[in-house]
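# Structural overview for review
Here's the letter readout for the chains.
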Amino acid sequence: MRHFIAQVIRYSHNTIFVVSILFLLWLLVQFYLIKVYGGAVTAVDSPIYIEDANRLLNGSLPEGRTIWYTSYSLFLSSVFFLWGGIHEVMLAQMALSGIAAICLYFLSLKITSDRLAAALSVLFYLLWVKIHHWNVFIYSESLFTSFGIISITVLIKSKHPWQYLLSTLLLLYTFFIRPSGFGFFVGLLAYGFSFVHYRQFPKWALAAFVFLMIAVTTLLLNKMLTDYILVESYAKAEIIYPNITLGFEPPTNLVIPSNNYTPLVRLILFALYNPLYFVKISLFKMGLFLANIKPYFSAVHNIAIVSMLYPLYLFAVKGYVNLTHHSKIRYFIVSYVLAQTLIVTLTTENWDGRFLVPILPFIFILSATGISLVLRNKFQLPHSAERKSTLRI
């Protein structure tokens, strides 16, 4: 077994071999999805995005809550302008997921300096077919997931002003693909905080930066929540959108704050007025989000989630601990994961579990790091030579 693992590690250092294998796997996954679905699929929200895309082609901007999907509408309108149909959108989303896979490899390699971990990161990304499932749908998850990986990779590999400008544009574009861009934005703020922290700025400068972070995120979150009915969702014990309560019922003495308050203040007041109920519902939603299993999924589906995803969570914890405390990118990963978890905890989980998809590639980087470490230690194999240097990404 030790010889086999040693051979795997040796082959993981052959970039051409690794990329070739992973490309074939990516291709297989895309062909499988096309065979299963027969082509592009539209669902409940698809007409909204398509309508906004046509509005952009006619010179009008999205309005209301769809403004937070502007980048996706722009993507659709670009494809419509060049090729003209939803099947081409599907192919473009698949192509971008392939580019994201390449970026994920180099992102993981940059973070961990471990080629085995980099290869495993992409392997998990490809094997978790639920990520690529959204390539077929005219939904924003596929584009958001791909650009989340691509934009962060460009950012941490940037060395020249024009590269930083490109990464800034990509990050801004990513933010406006879907409302989940808020969690992505929080991750970026945390990444920025790591630079302020490690550069040993005066304490007042650090405090000012933290205050600015809190102020910006609060104002942004309050603005984004304007078109969402959070308190009403809690009032009807909605655990999973749309209107799935899983047997929960609101108490008869529930106190509902006035509509005169801003959305965020109203939600805070609701939590203060109904603390036990709020905590119970919120924790259950958080558990459903991270667990990813659903009572209406098939047994095979839920078993697949438990048997693959849960061990990767455990290895991710080990991988995070193993990353040197000088690795700044871990601030982004952890903050992004926590922010996305908090967003779902305070709002609702979706019936198909798609809100977990964008953060999984970053969790897989940590998982792959943990697995690589375990394999090398268990079989007494040398650690990557590249790993000896202190990581300060």
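Residues numbered from 1 in each chain as written. Predicted model: local features only at pLDDT ≥ 70, side-chain atom pairs only at ≥ 80, totals over all residues. Heavy atoms only, no water.

Here we come to the overall build of the protein chain. Summing up its helical and strand segments, the protein chain has 17 helices and two strands in all. Taken over C-alpha atoms, the radius of gyration comes to 22 Å for the protein chain, in line with the 21 Å a tight globule of 393 residues would show. Taking the principal axes of its C-alpha atoms as reference, the protein chain extends roughly 65 × 55 × 50 Å. The buried share of the protein chain, reckoned over its 393 residues, is 52%. (Helix = DSSP H or I, 4+ residues; strand = E, 2+ residues; numbered from the N terminus. Rg over C-alpha atoms; globule rule 2.2 N^0.38 Å. Buried < 20%, exposed > 50% of the residue type's maximum accessible area, 1.4 Å probe, protein only.)

As a rule of thumb, nonpolar side chains are buried together in soluble globular proteins. One finds Phe75, Ile152 and Phe332 to be the most contacted residues of the largest nonpolar core, which totals 85 residues. Broken down by element, the residue count for this core peaks at 13 residues, all from helix H5 (residues 86-112). Once you skip the residues sitting within four places of it in the chain, phenylalanine 332 turns out to touch Ile152, Phe184, Gly187, Leu188, Tyr191 and Phe362. (Core = buried A, V, L, I, M, F, W, Y, C linked by side-chain atoms within 4.5 Å. Contact = heavy atoms within 4.5 Å.)

With an omega of 0°, the peptide bond between tyrosine 241 and proline 242 qualifies as cis. By the element assignment, proline 242 lies in the loop between strand S1 (240-241) and helix H13 (263-273). With a phi angle near 55°, serine 113 is a residue other than glycine that sits in the positive phi range. One non-glycine residue with positive phi stands out, namely asparagine 292, at about 70°. Mapped onto the secondary structure, asparagine 292 falls in the loop between helix H14 (275-291) and helix H15 (299-322). When its relative accessible area of 1% is taken as the criterion, asparagine 292 is described as buried.

All right, on to the packing of H5 against helix H8 (residues 141-157) then. The angle between the axes and the distance between the axes are what describe a pair of packed helices. At their nearest, the axes of H5 and H8 sit 8 Å apart, and the two run at 35° to each other. The two elements H5 and H8 cross, and the hand of that crossing is left-handed. Of H8, the residues touching H5 (which contributes Gln93, Leu96, Ser97, Ile99, Ala100, Cys103, Leu104, Leu107, Lys110 and Ile111) are Ser142, Leu143, Ser146, Phe147, Ile149, Ile150, Ile152, Thr153 and Ile156. Here the residues of the contact of H5 with H8 are counted per class, giving 13 nonpolar, five polar and one charged. (Axes fitted to C-alpha atoms, helices over the stretch in contact; angles between N-to-C directions. Left-handed = near helix turned anticlockwise from the far one by under 90°. Nonpolar A, V, L, I, M, F, W, Y, C, P; charged D, E, K, R; others polar.)

Right, let's get into a nonpolar patch on the surface. Among the surface-exposed residues, Leu57, Phe81, Leu82 and Trp83 lie close enough to one another that they form a single nonpolar patch of about 520 Å² accessible area. Relative to the assigned elements, leucine 57 resides in helix H3 (residues 46-57). (Patch = residues over 30% accessible without salt bridge, like charges linked within 9 Å, V, L, I, M, F, W, Y side chains within 5 Å. Areas by Shrake-Rupley, 256 points an atom, 1.4 Å probe, with all protein chains shown as cover. Salt bridge = Lys/Arg side-chain N within 4 Å of Asp/Glu carboxyl O.)

A few words now on helix H17 (residues 360-378). Here H17 spans 26 Å end to end across 19 residues, near enough to the 27 Å set by a 1.5 Å rise per residue. Most of H17 sits out of view: 15 of its 19 residues are buried. (Expected span 1.5 Å × (residues − 1).)

Attention now moves to the packing of aromatic side chains. Applying the stated criterion across every chain yields a total of 30 aromatic pairs. Relative to tyrosine 72, the ring of tyrosine 49 lies with its centre 5.4 Å away and its plane at 85°, an arrangement referred to as edge-to-face. Here the residue tyrosine 49 occupies a position in helix H3, and tyrosine 72 occupies one in helix H4 (residues 70-82), the gap between them amounting to 23 residues. For tyrosine 72, a relative accessible area of 0% corresponds to the buried category. These aromatic residues form a ring-pair network of at least three members: Tyr37, Tyr49, Tyr69, Tyr72, Phe75, Trp134, Phe137 and Tyr139. Here the basic side chain of arginine 354 rests over the ring of tryptophan 134, its NZ or CZ set 5.8 Å away from the ring centre. (Phe/Tyr/Trp six-rings, centres within 6.5 Å; stacked < 30°, edge-to-face > 60°. Lys NZ or Arg CZ within 6 Å of the ring centre and 35° of its normal.)

Spatial relationships are all this shows, so hold off on functional conclusions.
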